[in-house]
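So the chains spell out like this:
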Amino acid sequence: MTAPATAPAAADPTNLPFLYRQYPREDLLGALRRMHLIRRFEEAAEESYMRGLIHGTMHLSIGQEASAVGICLPLVREDQITSTHRGHGHCIAKGADVSRMFAEFFGKTTGYCGGRGGSMHIADVSSGNLGANGIVGGGIPIAVGAALTAKRLRTGKVAVSFFGDGANNEGAFHEALNMASVWKLPVVFVCENNGYGMSTSTERSTAVPNIADRAAAYAMPGVIVDGNDLSAVAQASHEAVERARRGEGPSLIECKTYRHRGHSKSDRNRYRTKDEIDDWMANRDPIARFEAQLTELGIAGPAEIEAVRQAVRAEIDAGIEFAKASPAPATADLADYVYTEQQ
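Quick caveat: nothing in here was measured; it's all calculated off a predicted structure.

Undergrad: What exactly am I supposed to notice about the pairing of strand β7 (residues 251-256) here?
TA: Within a regular strand, side chains alternate between the sheet's two faces. Buried residues dominate β7, accounting for 5 of its 6 residues. By the bridge criterion, 5 bridges tie strand β6 (residues 222-226) to β7 in an arrangement that is parallel. The residue bridging Val223 from the neighbouring strand is Ile253, located in β7. Between β6 and its parallel partner β7, the chain crosses via helix α9 (residues 230-245), and the hand of that crossover is right-handed.

Undergrad: In this structure, what is going on with the pattern of salt bridges? I would like to understand it.
TA: Any two side chains of opposite charge can pair, so long as their charged atoms come close to each other. The full count for this structure, using the stated rule, is 19 salt bridges. Residue Glu315 is joined to Arg33 by a salt bridge in which the shortest nitrogen-to-oxygen separation is 2.8 Å. Here Arg33 lies in helix α2 (residues 25-50) and Glu315 lies in helix α12 (residues 302-325), a separation of 282 residues in the sequence. Glu315 gets classed as partly exposed once you look at its relative accessible area, which sits at 26%. In this structure Arg33 comes out as partly exposed when scored by relative accessible area, which is 33%. Salt-bridge contacts for Glu321 lead to Lys324; the nearest nitrogen and oxygen are separated by 3.8 Å. Of the two residues, Glu321 and Lys324 are both situated in helix α12; the distance of 3 residues between them amounts to about one turn of the helix.

Undergrad: Which parts of the structure should I look at to understand the packing of helix α6 (residues 139-153) against helix α7 (residues 171-182)?
TA: Helices that pack against each other are described as a pair by the angle of their axes relative to one another and the distance between those axes. At a minimum axis distance of 8 Å, the contact between α6 and α7 shows a crossing angle of 15°. Considered as vectors, α6 and α7 are oriented roughly parallel to each other. Where α6 crosses over α7, the two elements pack in a sense that is left-handed. Contacts between α6 and α7 pair Ile140, Pro141 and Val144 from the former with Ala172, Phe173, Ala176, Met179 and Ala180 from the latter.

Undergrad: Please clarify how α7 should be interpreted in this entry.
TA: Because an α-helix packs 3.6 residues into every turn, residues spaced three or four apart end up facing the same way. Here α7 contains 12 residues, and its C-alpha end-to-end distance of 17 Å stays within 8% of the 16 Å for a straight helix at 1.5 Å per residue. Residues of α7 that are buried: Phe173, Ala176, Leu177, Ala180 and Ser181. In a view along the axis of α7, the buried residues occupy a sector of 125°, so they form one face of it. Opposite the buried face of α7, at more than 90 degrees from it, the exposed residues are Glu175 and Val182. On its buried face, α7 sits against α6, β2 (159-164), β3 (187-193) and β7. Immediately downstream of α7, the backbone of Lys184 shows phi near 50°, a positive value.

Undergrad: Looking at this model, I keep getting lost on the environment of Gly95. Mind explaining?
TA: Here Gly95 shows up in the loop between α4 (88-93) and α5 (98-105). For Gly95, a relative accessible area of 47% corresponds to the partly exposed category. Here the alpha-carbon distance between Gly95 and Asn129, two residues 34 residues apart in the chain, equals 8.7 Å.

Undergrad: Would you mind showing me how to read the nonpolar core here?
TA: Most often, soluble globular proteins have nonpolar side chains that are buried together. If you look at the biggest cluster of nonpolar residues, it comprises 66 residues, and the most contacted ones within it are Leu19, Tyr20, Phe102, Phe290 and Ile316. Counting residues in each nonpolar core, the second largest holds 21 residues, with Ile140, Ala143, Cys191 and Met220 among its members.

Undergrad: Where do I start with a nonpolar patch on the surface in this structure?
TA: On the surface, Met179, Val182 and Trp183 cluster together into a nonpolar patch covering about 300 Å² of accessible area. Relative to the assigned elements, Val182 resides in helix α7. For Val182, a relative accessible area of 57% corresponds to the exposed category.

Undergrad: Sorry if this is basic, but what is going on with the packing of aromatic side chains here?
TA: Ring pairs (aromatic) are described by centroid distance and by the angle formed between their planes. A complete count under the given rule lists 5 aromatic pairs for this structure. With a centroid separation of 4.4 Å and 40° between ring planes, the pair formed by Phe41 and Phe102 is classed as tilted. With Phe41 in helix α2 and Phe102 in helix α5, this residue pair connects regions lying 61 residues apart in the sequence. Assigned by exposure class, Phe41 and Phe102 land together as buried. Ring geometry for Phe41 and Phe105: centres 5.3 Å apart, planes at 80°, overall edge-to-face. You can see Phe41 sitting in helix α2 and its partner Phe105 sitting in helix α5, a full 64 residues away along the chain. Classification of Phe41 as buried rests on a relative accessible area of 0%. Taking the ring centre of Trp280 as reference, the NZ or CZ of Arg284 above it sits at 3.9 Å.

Rules and cut-offs
- Residues numbered from 1 in each chain as written.
- Predicted model: local features only at pLDDT ≥ 70, side-chain atom pairs only at ≥ 80, totals over all residues.
- Heavy atoms only, no water.
- Buried < 20%, exposed > 50% of the residue type's maximum accessible area, 1.4 Å probe, protein only.
- Helix = DSSP H or I, 4+ residues; strand = E, 2+ residues; numbered from the N terminus.
- Pairing = 2+ DSSP bridges.
- Right-handed = clockwise from strand over helix to strand, strands pointing away.
- Salt bridge = Lys/Arg side-chain N within 4 Å of Asp/Glu carboxyl O.
- Axes fitted to C-alpha atoms, helices over the stretch in contact; angles between N-to-C directions.
- Parallel < 35°, antiparallel > 145°, perpendicular 65-115°, else oblique.
- Left-handed = near helix turned anticlockwise from the far one by under 90°.
- Contact = heavy atoms within 4.5 Å.
- Expected span 1.5 Å × (residues − 1).
- Arc of directions from axis to C-beta.
- Core = buried A, V, L, I, M, F, W, Y, C linked by side-chain atoms within 4.5 Å.
- Patch = residues over 30% accessible without salt bridge, like charges linked within 9 Å, V, L, I, M, F, W, Y side chains within 5 Å.
- Areas by Shrake-Rupley, 256 points an atom, 1.4 Å probe, with all protein chains shown as cover.
- Phe/Tyr/Trp six-rings, centres within 6.5 Å; stacked < 30°, edge-to-face > 60°.
- Lys NZ or Arg CZ within 6 Å of the ring centre and 35° of its normal.

Structure representation (structure tokens):
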């Protein structure tokens, strides 16, 4: 590993947050780029939806970027993830090409699923992304299956399952955690708790104060982190991934975070106050917090940060143009990929 990021001379390296002790400067700037890429991708997708270029609906994770990027930081390409209906950030954090993602949104043949999956079903097995999932909690058992395969074949891979707070009350959540613990599988369960399952708060729907408290019932570590603090998320992920690689079994990480937008494009946000939303956006935005730390520690100045933003804007603009120019599926190909070809 290359040397960690250089901090100001007056700073004691041992007192730096985990992220700045563990990762070199180029990795930190890469993490900032991915966070901006997620944010700008979703903003551009939202704009495209409003202009009628995208049909259906979508679930945006704006405000949750530190969770996706921090969890994926210690992963390698061969490691695998399962995602959710709010999964654009996970896809990008695991290495997805935004051009192909836009093409999928636009229903074009150059999309990850040939334009057939749309927002909630992007997958890229080649980069370890086993797919987003429109079923609440649907990806959790799939990740356990991937982890079982990794253990039986001794591949060294780790599986990560992202899910929202609403999924922790699904039966699949409890069955999957129990099985993973019994078999000591290399899987990390990541709950992105943004406070609301659609319009129902976790306080009203979940018996325990913290979803990570449920880990104790399945004899695995349960860790609660500030999901808008990239360093805290990365540290929890690093420890859980290393534990899994050592053959010590699964972990449950709860990232306390917040979505700036509604549950979906049809959400009128009547269950949240404007003051609550404004407070999270103004005072706890994960990108603003990370940029402030980079500046404070002398790792990146305003000009470098602005250069990252400009590069991301250019990549997003190019991605949209790629999607617009890509061909739409032909009617004659409607049944392709629906059934297996008869041998």
